[in-house]
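Reading the structure
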There are 2 protein chains.
Amino acid sequence: MSAKRAPAQHRLKSGWARAFAPATVSNVAVGFDLLGYPFGKVGDEVMVWSWDRPGVHVEQVRGGRCEVPLDARRNTGAIALAAMVRELGLPGGFGIRIKKGIPMGSGMGGSAASAVGAVVALNALLAKPLKPEALIPFALKGEAAASGGQHADNIVPSLLGGLRLCLGLALGGAVDEAGAWPEVPVPARVRSVLVHPELVVETRAARALLKPQIFLAEHVRQNACMAGFLSACASGDLELLSRSMMDLIVEPQRMALIPGFEKVKQAALAAGALGCSISGSGPSVFAWTPSDIVASRVERAMVAVFREQGLAVESWRGPIERKGARVIARGRGVPK
Amino acid sequence: MSAKRAPAQHRLKSGWARAFAPATVSNVAVGFDLLGYPFGKVGDEVMVWSWDRPGVHVEQVRGGRCEVPLDARRNTGAIALAAMVRELGLPGGFGIRIKKGIPMGSGMGGSAASAVGAVVALNALLAKPLKPEALIPFALKGEAAASGGQHADNIVPSLLGGLRLCLGLALGGAVDEAGAWPEVPVPARVRSVLVHPELVVETRAARALLKPQIFLAEHVRQNACMAGFLSACASGDLELLSRSMMDLIVEPQRMALIPGFEKVKQAALAAGALGCSISGSGPSVFAWTPSDIVASRVERAMVAVFREQGLAVESWRGPIERKGARVIARGRGVPK
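Residues numbered from 1 in each chain as written. Chains lettered and ligands numbered in written order. Predicted model: local features only at pLDDT ≥ 70, side-chain atom pairs only at ≥ 80, totals over all residues.

1. Things to note about the overall build of chain A
Operational definition: Helix and strand assignments follow DSSP, with helices taken as H or I runs no shorter than four residues and strands as E runs no shorter than two, numbered in order from the N terminus. Atoms considered for the radius of gyration are the C-alpha atoms alone. The globule rule reads 2.2 Å times the number of residues to the power 0.38. For the exposure call, what matters is how many other C-beta atoms sit within 10 Å of a residue's own: 20 or more marks it buried, 12 or fewer exposed, and in between partly exposed, using C-beta atoms placed from the backbone. For every residue pair, C-beta atoms are placed from the backbone, and the pair is scored as a contact if these atoms sit within 7 Å.
Per the secondary structure count, chain A includes twelve helices and twelve strands. For chain A, the C-alpha radius of gyration of 20 Å lies close to 20 Å, the compact-globule estimate for 336 residues. Taking the principal axes of the C-alpha coordinates as reference, chain A spans close to 60 × 40 × 35 Å. Expressed as a percentage of its 336 residues, the buried residues of chain A come to 57%. Relative to all contacts within chain A whose residues are 6 or more apart in sequence, the contacts with residues 24 or more apart total 75%.

If you want it as structure tokens, here you go:
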């Protein structure tokens with residue numbers, strides 16, 4: 001389809017663009033595979049440029065504390081970029097350089113952020129950039145390469161910002177429209193804490209260990225958690241939010257992958273957290289708190305317990321950000 | 001506990017009170033065991049009075065087109081009444097008379113309405129009436145006798161009115177507080193249609209046929225339906241509401257109990273319904289529509305299909321009512 005349309009609609013500007021795509025907390029206790037939000041204090045930077053060399057070429061990957069594939073067929077940023085180039089019928093070739101701020105295998109949406117950064121950077125090189133939600137299908141292709149299936153709950157919040165219900169894949173229908181990814185309002189006082197213990201959990205492995213079936217009664221209770229959480233977010237009822245913010249199905253099956261998880265959670269709740277669970281497929285752990293002051297207390301408590309387990313830890317805290325990926329630099333020619 | 005408190009706090013006024021408790025649509029496609037709303041064009045009327053005769057005595061049950069137990073140990077209204085009398089330590093005895101507007105075994109919350117009507121009527125006889133949500137535990141005891149377990153998704157909307165998330169039992173915590181039963185805002189244009197084909201489905205049987213386990217992937221999709229539905233109710237996005245309003249788990253297992261269900265649903269959707277599913281455990285079927293005009297078209301279409309199946313049908317339509325059970329008459333002495 002694009003071969004005909006592209007020359008008219010998708011002319012390229014010359015030069016390069018660099019985009020920042022935030023880390024994300026997905027699942028968010030109540031919404032396995034359905035809910036996520038960005039954490040902009042950490043993220044990946046992706047630079048993309050057009051040149052004469054054909055195809056998509058990964059020139060450099062820095063950071064990530066773990067091997068990120070330079071092979072363009074295995075790198076999530078390059079796969080997303082190639083999908084967009086192909087679909088839009090863009091001429092010439094593209095180079096991509098990734099600076100990973102997000103540790104690999106941390107449960108913080110690193111593979112999604114690289115994919116999102118790549119398509120946002122390329123979008124900035126289009127004479128007529130697409131609306132952000134139109135980039136989702138391309139970024140999903142990159143993410144699928146990492147997790148072994150299409151999951152939108154890191155891609156969408158990293159791209160669009162905000163706490164997002166990622167319904168597009170679950171309910172069917174168009175995935176490149178904003179209506180498939182409604183933003184959930186979050187009470188303004190809420191602050192989130194994110195703690196990353198330095199060990200690696202592989203997404204595919206964390207997914208493979210889940211039992212394929214659950215009891216109907218478990219489904220009803222977990223559905224109640226989702227419903228209570230959304231209702232509480234809308235009304236600002238933090239007491240209900242706290243009682244709802246539970247993962248009864250996935251967390252119990254995955255927590256053994258994270259040394260000390262139960263103690264970390266206990267410490268977070270004892271320090272005043274509204275809820276605490278695994279970020280994505282772990283090992284990072286997040287908590288929600290009712291204020292800045294409580295957030296800093298919760299962060300210290302969680303970090304202390306992980307350290308007692310002999311783990312190195314990094315941690316962040318902040319509000320639930322409504323801002324997603326963005327272009328942070330532009331330039332002419334091919335970058336040095 | 002009440003023996004000490006009751007004499008001071010719960011003095012009785014003499015005379016009788018009659019309460020109306022509306023029928024209810026529960027489950028509402030997306031929220032099995034968790035969601036319900038009242039349908040005030042149909043309901044039960046319950047009259048309660050105090051007299052010297054000890055205990056709770058069911059004097060009369062009219063309507064219901066099916067035998068309603070006069071035995072106070074099996075009648076949901078009498079059981080709820082007795083639970084309230086006992087808990088509050090009320091002196092003397094009570095008579096109860098029930099006029100059933102809700103057909104028995106219709107999936108329209110008939111047993112819940114009788115229980116709710118009874119406690120609302122008795123509440124009006126207290127010198128200091130309790131707040132409505134404090135009546136929930138008593139009404140639940142009546143409902144449990146009918147369905148074989150405590151389910152709040154008919155009781156709470158019949159008592160409090162509005163589309164209610166019935167989280168109190170699923171999440172734990174106090175069930176006699178309003179926060180356990182948040183009201184979901186419904187877009188003002190929405191009209192509901194309720195169609196009752198004249199056959200009886202027994203709640204316990206409809207519950208017993210459900211498979212005890214479901215696939216994790218089914219849970220995720222159904223959770224997405226609940227989330228999309230709540231998000232759409234909050235934002236007024238009727239397109240998302242329509243895509244979300246699905247029961248992927250219970251409806252497919254129960255629809256065989258309702259002759260022609262699939263054709264009725266198809267007809268409703270073809271006539272413009274946003275969604276259509278089984279009311280409670282059936283056989284009644286409800287639909288949501290985006291306007292009055294569409295509601296009347298949908299009602300006609302659904303009724304026509306049931307009649308083609310050779311079934312007698314009654315039907316109603318109206319907005320999602322925010323008003324629940326209420327006292328409709330008061331008098332002195334013992335009623336004639």
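On we go.
2. What to know about the relation of the copies chain B and chain A
Which entries qualify depends on this criterion: The least-squares superposition of copies is restricted to C-alpha atoms, and to residues with a pLDDT of at least 70 in both copies.
Overlaying chain B with chain A gives an RMSD of 0.0 Å, the required rotation being 180° about an axis along which the chain moves by 0.0 Å. Accordingly, the operation relating the two chain copies is best matched by a two-fold axis. Here 100% of the contact residues of chain B are again contact residues in chain A; the copies associate through an equivalent surface.

3. Regarding the environment of Val 119 of chain A
Residue and element names in this part refer to chain A. Structurally, the position occupied by Val 119 is in helix H3 (residues 110-124). Judged by the 33 C-beta atoms lying within 10 Å of it, Val 119 falls in the buried class. Separated by 38 residues in sequence, Val 119 and Leu 81 place their C-alpha atoms 5.7 Å apart. Beyond its immediate sequence surroundings of up to four residues, Val 119 is in contact with Ala 80, Leu 81, Met 84, Leu 135, Phe 138 and Ala 139.

4. Here we look at the nonpolar core
Generally speaking, a soluble globular protein has its nonpolar side chains buried in company with each other. Short version of the rule: To form a nonpolar core, buried Ala, Val, Leu, Ile, Met, Phe, Trp, Tyr and Cys residues must be joined through C-beta atoms within 7 Å.
With 223 residues, the main nonpolar core has Val 48 and Leu 81 of chain A together with Val 48 and Leu 81 of chain B as its most contacted residues. Contacts of Leu 81 of chain B, omitting those with residues within four sequence positions, involve Val 48, Val 56, Phe 94, Ile 96, Ala 118, Val 119 and Leu 122 of chain B.

5. Things to note about the domain arrangement of chain A
All names here are of chain A. What counts here: Segmentation into domains, and thus their bounds, comes from an automatic or database assignment.
Here chain A is partitioned into domain 1 (2-184 + 322-331) and domain 2 (191-319). Using only C-alpha atoms to locate each centre, domain 1 and domain 2 end up separated by 26 Å. Residue-level contacts link 23 residues of domain 1 with 30 residues of domain 2. Broken down by secondary-structure element, the contributors of at least two residues to the side of domain 1 that touches domain 2 are strand S1 (16-26), strand S2 (35-51) and helix H4 (136-147). No other element matches S2, which puts three residues into the side of domain 1 that touches domain 2.

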